[in-house]
Amino acid sequence: MASAARDLRYRGRQAVDGSLAEDLNWAVRERELRHAGEAPKAKGKAVPKVHSAARVQVRERQYVSWPAVLGAAAVAVLAVLILMNYVELTVLSSEMVHLQSQLQELETDHVFLTAEYEQMFDMATVKEAAEAAGMQKPSSGQVYHLDLSGGDSAVAYQKENPGLFRSLLTSLNHGVYAVVEYFD
């Protein structure tokens, strides 16, 4: 059948000997070959459409695998943990801002107290505070001078070398005191 269709297809393409009627037949036969096996179309008649009741298609029940459920649960737990870490990070950031403001206040207080400390050791301020407390400079009768023109001297005494019994008793005494002191 395929060879017959091939013959029909190429038969009309030969040189024409003056009549084109055979060429028109060839185009009709070619169209029929292309549409061979199709249902004939009714010309001019409208085919009535029959509406059938809509059928509801129900999907089959799908089963969820346990690894998928565990994976989804792990993702949910990790998402909650990430959110909790963000909350903790926010709390720590606010505490850091609060501590930095405290540090600035303390640095300001340090500068103020350092200035006040230096003012307290100012000789004019000390003199005014002493006079306000009723203190006076000492008179010449209240001043005593020491004469250290003589050489320095020191006397070194040697300890007696205790006996063996005495040194054992002293060591035992120190050991008992060390144990008592450790447990107190």
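Thresholds applied
Residues numbered from 1 in each chain as written. Predicted model: local features only at pLDDT ≥ 70, side-chain atom pairs only at ≥ 80, totals over all residues. Heavy atoms only, no water. Helix = DSSP H or I, 4+ residues; strand = E, 2+ residues; numbered from the N terminus. Buried < 20%, exposed > 50% of the residue type's maximum accessible area, 1.4 Å probe, protein only. pLDDT = per-residue confidence, 0-100. Patch = residues over 30% accessible without salt bridge, like charges linked within 9 Å, V, L, I, M, F, W, Y side chains within 5 Å. Areas by Shrake-Rupley, 256 points an atom, 1.4 Å probe, with all protein chains shown as cover. Salt bridge = Lys/Arg side-chain N within 4 Å of Asp/Glu carboxyl O.

Points about the overall build of the protein
Then, number 1: Check the secondary structure of the protein and you find 5 helices and 0 strands.
Then, number 2: Each helix and strand of the protein, placed in order from N terminus to C terminus, yields the pattern α-α-α-α-α.
Then, number 3: When the 184 residues of the protein are sorted by exposure, 2% land in the buried category.

Here's the deal with the confidence of the model for the protein
Detailed reading of predicted coordinates is not advised where the pLDDT is low.
Then, number 1: In the predicted model, the protein carries a mean pLDDT of 81, and the fraction of residues at 70 or more is 79%.
Then, number 2: For the protein, the element scoring lowest by mean pLDDT is helix H1 (residues 2–11), at 54; helix H3 (residues 66–120) scores highest, at 95.

With respect to a nonpolar patch on the surface
Then, number 1: A cluster of nonpolar side chains, contributed by Val-77, Leu-78, Val-80, Leu-81 and Met-84, occupies part of the molecular surface with about 470 Å² of accessible area.
Then, number 2: Structurally, Leu-81 can be placed in helix H3.

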